[in-house]
Amino acid sequence: MKVGIPKEIKNNENRVGMTPAGVAELVRHGHEVSVQHTAGEGSGFSDDEYVKAGARILPTIEAVYGECDMIVKVKEPIEQEYGLVRKGQLLFTYFHFASEKELTDAMLKSGAVCLAYETVQLPNGSLPLLQPMSEVAGRMATLNGAYYLQKTQGGKGKLISGVPGVSPAKVLVLGGGVVGEAAARMAAGLGADVTISDISLPRLRQLDIETPANVHTLYSSEHNIRQLLPTVDIVIGSVLVPGDKTPHLITREMLKLMEPGTVLVDVAIDQGGCFETSRPTTHSEPVYIEEGIVHYCVANIPGAVPNTSTLALTNATLKYAVALADKGWQQACKDDAALAKGLNIVEGKVTFKPVADLYGLPYEGK
């Protein structure tokens with residue numbers, strides 16, 4: 001199969017769909033891999049490294065899309081790419097269709113096969129291709145929250161760790177999944193007073209046992225959240241409903257409960273966000289202030305640490321990419337039920353029910 005790795009063109013997205021090591025594995029399986037010129041530079045991988053791994057270097061993104069049967073990316077195609085996607089072409093990337101109707105319509109119109117990393121799901125409910133980026137995003141959420149808590153960045157002027165004789169900052173993490181746990185552990189490691197909330201009591205019990213002593217668990221309800229908001233310094237939103245729009249856990253009215261300079265970090269923004277006042281931001285303009293509250297809503301947080309992120313992502317995606325290239329998407333998805341759950345749009349039809357339900361579109365079962 002002809003596999004293409006285009007350069008990411010989303011704002012400040014420095015990750016790349018595959019490392020040279022991943023390319024070498026595809027080549028070893030007999031596939032032809034084409035990488036766009038300088039696609040890996042942002043992640044620290046040169047064209048020469050890809051050539052040594054057996055890839056061809058193509059000069060433009062148009063050439064990659066035009067020549068390849070399968071496109072392996074990091075982020076969803078943006079408007080400039082819509083016209084490049086071809087009928088029957090397989091796109092293997094993060095899509096997050098539930099947050100963008102325009103993207104959904106464009107991919108339906110293209111006739112392509114859209115296999116989304118974020119909805120590939122194992123029998124135990126885990127999301128193996130979302131997990132590595134969730135781990136990165138959770139850690140980065142805490143670091144960014146701590147940075148914007150500085151007075152010079154619009155925050156309260158608190159040091160997240162405190163110092164001897166001065167209490168640490170209070171961090172509330174909404175959602176006890178992979179992102180939430182990573183954020184809580186990072187905040188705890190920095191010395192913060194951390195509360196992590198979830199609606200699953202078994203998960204809260206697990207977190208209570210496995211996290212450091214300065215992490216406290218709380219059942220997630222509007223009442224409990226309201227009780228905490230006047231006292232917290234950073235709120236990290238990490239709620240995930242796989243493939244569906246995220247519920248708003250903090251409304252505009254609830255912002256009035258918080259002290260000015262409190263920092264909200266919405267890791268769920270690529271699924272619509274879990275704060276009512278959230279809107280997507282970029283690494284070049286990452287924050288805005290609404291009702292006196294600092295909002296950090298960057299939709300590609302792991303893009304700030306692209307070397308780590310690309311290595312972690314390829315570790316997770318490679319076996320699936322090899323299976324898709326070896327067998328073709330139809331047989332690969334037939335053989336692997338987890339991979340089949342990644343099929344969101346197939347040749348003009350919505351095959352992922354939450355997306356169909358959200359937009360009122362016909363649903364075609366896989």
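Scroll up to find the structure this text is about.
Enquirer: Can you break down the overall build of the chain residue by residue, with the values?
Expert: In terms of helices and strands, the chain carries 13 helices and 15 strands. Against the 2.2 N^0.38 benchmark of 21 Å for 366 residues, the chain shows a C-alpha radius of gyration of 21 Å, consistent with a compact globule. Structurally, the chain occupies a C-alpha span of about 60 × 45 × 35 Å along its principal axes. Here the chain holds 366 residues, and 55% of them are scored as buried. Of the roughly 14,900 Å² of accessible surface on the chain, 53% is carried by carbon and sulfur atoms.

Enquirer: Can you tell me about the pairing of strand 11 (residues 263-266), naming the residues and giving the values?
Expert: Residue alternation in strand 11 divides its side chains into two sets, Val 263 and Val 265 and Leu 264 and Asp 266, and both sets are buried. Bridging between strand 10 (residues 234-237) and strand 11 involves four bridges; their strand directions are parallel. By the bridge assignment, Ile 236 is partnered in strand 11 with Val 265. The sheet contact formed by strand 11 and strand 13 (residues 293-296) spans three bridges and is parallel. Among the inter-strand pairings, Leu 264 is bridged to a residue of strand 13, identified as His 295.

Enquirer: I'd like a rundown of the sheet that holds strand 9 (residues 215-219), residues and numbers included.
Expert: Overall, mixed pairing links the seven strands, which are arranged 9-8-7-10-11-13-12 in an open sheet. Single-partner strands in this sheet number two, and they are strand 9 and strand 12 (287-290). For this sheet the average axis-to-axis angle between neighbouring strands, irrespective of direction, equals 20°. Against the sheet, helix 8 (residues 201-210) contacts strand 8 (193-198) and strand 9, and its axis sits at roughly 170° relative to strand 9.

Enquirer: With reference to specific residues and values, describe the pattern of salt bridges.
Expert: Working definition: two side chains of opposite charge can pair if their charged atoms are close together. Scanning all chains against the criterion turns up 22 salt bridges. Across the pair Glu 13 and Arg 15 runs a salt bridge, and its minimum N-O distance is 2.8 Å. Taking the relative accessible area as the measure of exposure, Glu 13 reaches 5% and is therefore buried. Overall, Arg 15 belongs to the buried group, its relative accessible area being 3%. Lys 327 is paired through a salt bridge with Asp 335; the nearest N and O atoms lie 3.0 Å apart.

Enquirer: Break down the nonpolar core for me, citing the residues and quoting the values.
Expert: In terms of nonpolar packing, the biggest core is built from 73 residues, with Phe 92, Leu 115, Val 171, Val 194, Ile 236, Leu 324 and Leu 339 touching the most fellow members. Sort the elements by how many residues they give to this core and helix 10 (residues 306-327) lands first, with eight residues. Among all residues touching Leu 115, those that are not within four sequence positions of it are Leu 90, Leu 91, Phe 92, Thr 93, Phe 95, Val 120, Leu 324, Cys 333, Leu 339, Gly 342 and Leu 343. Of all hydrophobic cores here, the second largest spans 26 residues; its members include Phe 95, Phe 97, Phe 352 and Val 355.

Enquirer: Could you give an account of the state of the cysteines, naming the residues involved and the relevant values?
Expert: Throughout the structure, instances matching the rule amount to zero disulfides. Here Cys 274 stays unpaired: no disulfide links it, and the sulfur of Cys 297, its closest cysteine neighbor, is 9.0 Å away.

Enquirer: An account of the sheet that holds strand 4 (residues 70-72) is needed here, citing residue identities and associated values.
Expert: Read across the sheet, eight strands follow the order 3-2-1-4-5-6-14-15 without closing on themselves; strand pairing throughout is mixed. For this open sheet the edge positions go to strand 3 (56-58) and strand 15 (349-350), each flanked by a neighbour on one side alone. When strand 5 (residues 90-93) meets strand 6 (residues 113-116), the two strands line up parallel, connected through four bridges. Following the sheet pairing, Leu 91 is matched in strand 6 by Cys 114. Running over the sheet, helix 5 (residues 101-110) touches strand 5, strand 6, strand 14 (343-346) and strand 15 and is turned about 50° from strand 14.

What counts and what doesn't
Residues numbered from 1 in each chain as written. Predicted model: local features only at pLDDT ≥ 70, side-chain atom pairs only at ≥ 80, totals over all residues. Heavy atoms only, no water. Helix = DSSP H or I, 4+ residues; strand = E, 2+ residues; numbered from the N terminus. Rg over C-alpha atoms; globule rule 2.2 N^0.38 Å. Buried < 20%, exposed > 50% of the residue type's maximum accessible area, 1.4 Å probe, protein only. Areas by Shrake-Rupley, 256 points an atom, 1.4 Å probe, with all protein chains shown as cover. Pairing = 2+ DSSP bridges. Axes fitted to C-alpha atoms, helices over the stretch in contact; angles between N-to-C directions. Contact = heavy atoms within 4.5 Å. Salt bridge = Lys/Arg side-chain N within 4 Å of Asp/Glu carboxyl O. Core = buried A, V, L, I, M, F, W, Y, C linked by side-chain atoms within 4.5 Å. Disulfide = S-S within 2.5 Å.

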